[in-house]
Amino acid sequence: MLDVTGFFDDPGDGITKALAKACVKVSKYQQEFQRHRPSGATTATPQPPGVDVHTDLFVSKRSYKILRDALQTGATGPLRIKCHKFEAQCLSAYQIMNLLQCLDSSCLQRVKHGQGMLPSLRKLSLKDTWVSGNLRQILG
């Protein structure tokens, strides 16, 4: 486990984008390694354990795509993002919901969005977990 919470970055190419790029790149390296294993390697070779990376995420238009890619490979990848605080700026409600649904809801503590994008949200489905009621405590 790697805990980088508290390093909440500003908009742009900060910690969120760098972490997402690292997750995608390590996942690609793992896939390449598995494809090019020596022919004598057994198919039952155990996978090395992954690393849970606990972090706060700041997402903008510039980091959305790479973060989405990282989160979509997250559960099976060697680096798994566990977001505690999520802040989105200049994203559509669809993009925000797309990212939230990819997050591990057991770690998510706070969601903050710019420009009042989700003011009427009453229920939020994060994978198999439903969060309902007064979401103002979660949605900043």
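This text goes with the structure placed above it.
Bear in mind that the values here come from a model prediction, so they are computed numbers and not experimental data. (Residues numbered from 1 in each chain as written. Predicted model: local features only at pLDDT ≥ 70, side-chain atom pairs only at ≥ 80, totals over all residues. Heavy atoms only, no water.)

1. Observations regarding the packing of helix α2 (residues 61–72) against helix α3 (residues 93–102)
- At a minimum axis distance of 9 Å, the contact between α2 and α3 shows a crossing angle of 30°. Overall, the two elements α2 and α3 adopt an arrangement that is roughly parallel. The crossing of α2 and α3 is left-handed. In this structure, α2 contributes Y64, L67, R68, L71 and Q72 to the contact, and α3 contributes Q95, N98, L99 and C102. (Axes fitted to C-alpha atoms, helices over the stretch in contact; angles between N-to-C directions. Helix = DSSP H or I, 4+ residues; strand = E, 2+ residues; numbered from the N terminus. Parallel < 35°, antiparallel > 145°, perpendicular 65-115°, else oblique. Left-handed = near helix turned anticlockwise from the far one by under 90°. Contact = heavy atoms within 4.5 Å.)

2. Regarding the pattern of salt bridges
- The final tally for this structure, using the stated rule, is five salt bridges.
- With its nearest N and O atoms 2.3 Å apart, the salt bridge here joins E32 to R35. Here E32 pairs with R35, and both are found in helix α1 (residues 15–35), just three residues apart, close to one helical turn.
- Overall, the relative accessible area of 34% leaves E32 in the partly exposed class.
- We classify R35 as exposed; its relative accessible area is 56%.
- Across the pair K65 and D69 runs a salt bridge whose closest N-O atoms are separated by 4.0 Å. Here K65 and its partner D69 are both found in helix α2, four residues apart, which amounts to about one turn of the helix.
- When its relative accessible area of 24% is taken as the criterion, D69 is described as partly exposed.
- A single salt-bridge network, built from bridges that share partners, covers K65, R68 and D69. (Salt bridge = Lys/Arg side-chain N within 4 Å of Asp/Glu carboxyl O. Buried < 20%, exposed > 50% of the residue type's maximum accessible area, 1.4 Å probe, protein only.)

3. Here's the deal with the packing of α1 against α2
- At a minimum axis separation of 8 Å, α1 and α2 run at an interaxial angle of 35°. Pair α1 / α2 crosses with left-handed handedness. Only R62, S63, I66, L67, D69 and A70 of α2 make contact with α1, whose side of the interface consists of T16, K17, A20, K21, C23 and V24.
- Split into classes, the residues belonging to the contact of α1 with α2 amount to six nonpolar, two polar and four charged. (Nonpolar A, V, L, I, M, F, W, Y, C, P; charged D, E, K, R; others polar.)

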